[in-house]
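Structural features, examined
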Amino acid sequence: MSMTHSDNDTEAVTRSKKKVKAPDFYKVVLLNDDFTPMEFVVDLIIKFFSKSAEEATEIMLSIHHEGFGVCGVYPRDIAETKMNQVNQFARQNGHPLKCRIERN
Ligand code: TYC
């Protein structure tokens, strides 16, 4: 069976599109609450999201004022791991802080 030149082109484009498709990315979001100490949130953002003290303070204050804030954007498995680590760390320390992920 033979393929025409144009069949071949179409298949090549279709296949390469599937093969190199970018992974889905997820935002890791922290939610505000009235109880978690500001210093704990700053330390947590430094620890899990590798931010400087200055960046972490800006993100924390933005969450405090806006109600939520994005700490980073990662492929799904990394975003899920960060969310779980943050939620466990907050719970272990007796704070109600919640972390979620959202598809980008
Ligand atoms: N609102 C908290 C306070 O006033 C601080 C806070 C910031 C809590 C960010 C959670 O994700 C958070 N102590």
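Anything mentioned here points back to the structure above.
Calculation notes
Residues numbered from 1 in each chain as written. Predicted model: local features only at pLDDT ≥ 70, side-chain atom pairs only at ≥ 80, totals over all residues. Heavy atoms only, no water. Phe/Tyr/Trp six-rings, centres within 6.5 Å; stacked < 30°, edge-to-face > 60°. Helix = DSSP H or I, 4+ residues; strand = E, 2+ residues; numbered from the N terminus. Buried < 20%, exposed > 50% of the residue type's maximum accessible area, 1.4 Å probe, protein only. Lys NZ or Arg CZ within 6 Å of the ring centre and 35° of its normal. Core = buried A, V, L, I, M, F, W, Y, C linked by side-chain atoms within 4.5 Å. Contact = heavy atoms within 4.5 Å. Axes fitted to C-alpha atoms, helices over the stretch in contact; angles between N-to-C directions. Left-handed = near helix turned anticlockwise from the far one by under 90°. Nonpolar A, V, L, I, M, F, W, Y, C, P; charged D, E, K, R; others polar. Near = heavy atom within 4 Å. Polar contact = N/O pair within 3.5 Å; in protein donor to acceptor, adjacent residues only side chain to side chain. Areas by Shrake-Rupley, 256 points an atom, 1.4 Å probe, with all protein chains shown as cover.

Details of the packing of aromatic side chains
Each aromatic ring pair is specified by the distance between its two centres and by the angle formed by the two planes. Evaluated as defined, the whole model comprises 2 aromatic pairs. Taking 5.4 Å as the distance between ring centres and 70 degrees as the angle between the ring planes, the aromatic pair formed by Phe48 and Phe89 counts as edge-to-face. Of this pair, Phe48 sits in helix H2 (residues 38-49) while Phe89 sits in helix H4 (residues 76-92), and the two are 41 residues apart along the sequence. A relative accessible area of 12% places Phe48 in the buried class. Three or more aromatic residues joined by ring pairs make a cluster, and in this case those are Phe40, Phe48 and Phe89. When the ring centre of Tyr74 is taken as origin, the NZ or CZ atom of Lys82, which lies over that ring, is 5.3 Å away.

Overview of the nonpolar core
Among the nonpolar cores identified, the biggest contains 22 residues, and Leu30, Leu44, Ile45, Phe49, Val86 and Leu97 are the most heavily contacted of them. Taken together, the elements giving at least two residues each to this core come down to strand E1 (25-31), H2, helix H3 (53-66), strand E2 (68-75) and H4. The biggest single contributor to this core is H2, with 7 residues. Among residues more than four places away in sequence, those in contact with Val86 are Leu30, Leu44, Phe48, Phe49, Leu97 and Cys99.

Observations concerning the packing of H2 against H4
Running from N to C, H2 and H4 cross one another at 145 degrees; their axes reach a closest spacing of 11 Å. Remark: the crossing between H2 and H4 carries right-handed chirality. Two secondary-structure elements touch here, H2 through Phe40, Leu44, Lys47, Phe48 and Phe49 and H4 through Lys82, Gln85, Val86, Phe89 and Ala90. Here the contact of H2 with H4 is built from residues that sort into 7 nonpolar, 1 polar and 2 charged.

Considerations on the site of the ligand
Around the ligand sit Leu31, Asn32, Asp33, Thr36, Met38, Val41, Met60, Ile63, His64 and Leu97, and those are all the residues in its vicinity. Within the side chain of Asn32, an N or O atom sits 2.8 Å from a nitrogen atom of the ligand. Contact distances for the ligand include 2.7 Å between a nitrogen atom and a backbone N or O atom of Asp33. Starting from 350 Å² of accessible surface for the ligand in isolation, the protein chains cover 90%. Mapped onto the shell around the ligand, the elements with two or more residues apiece are H2 and H3. Looking at the shell around the ligand element by element, the count peaks at 3 residues for H3. For the shell around the ligand, the per-class residue count stands at 6 nonpolar, 3 polar and 1 charged.

Purely geometric stuff here, so don't read any function into it on its own.
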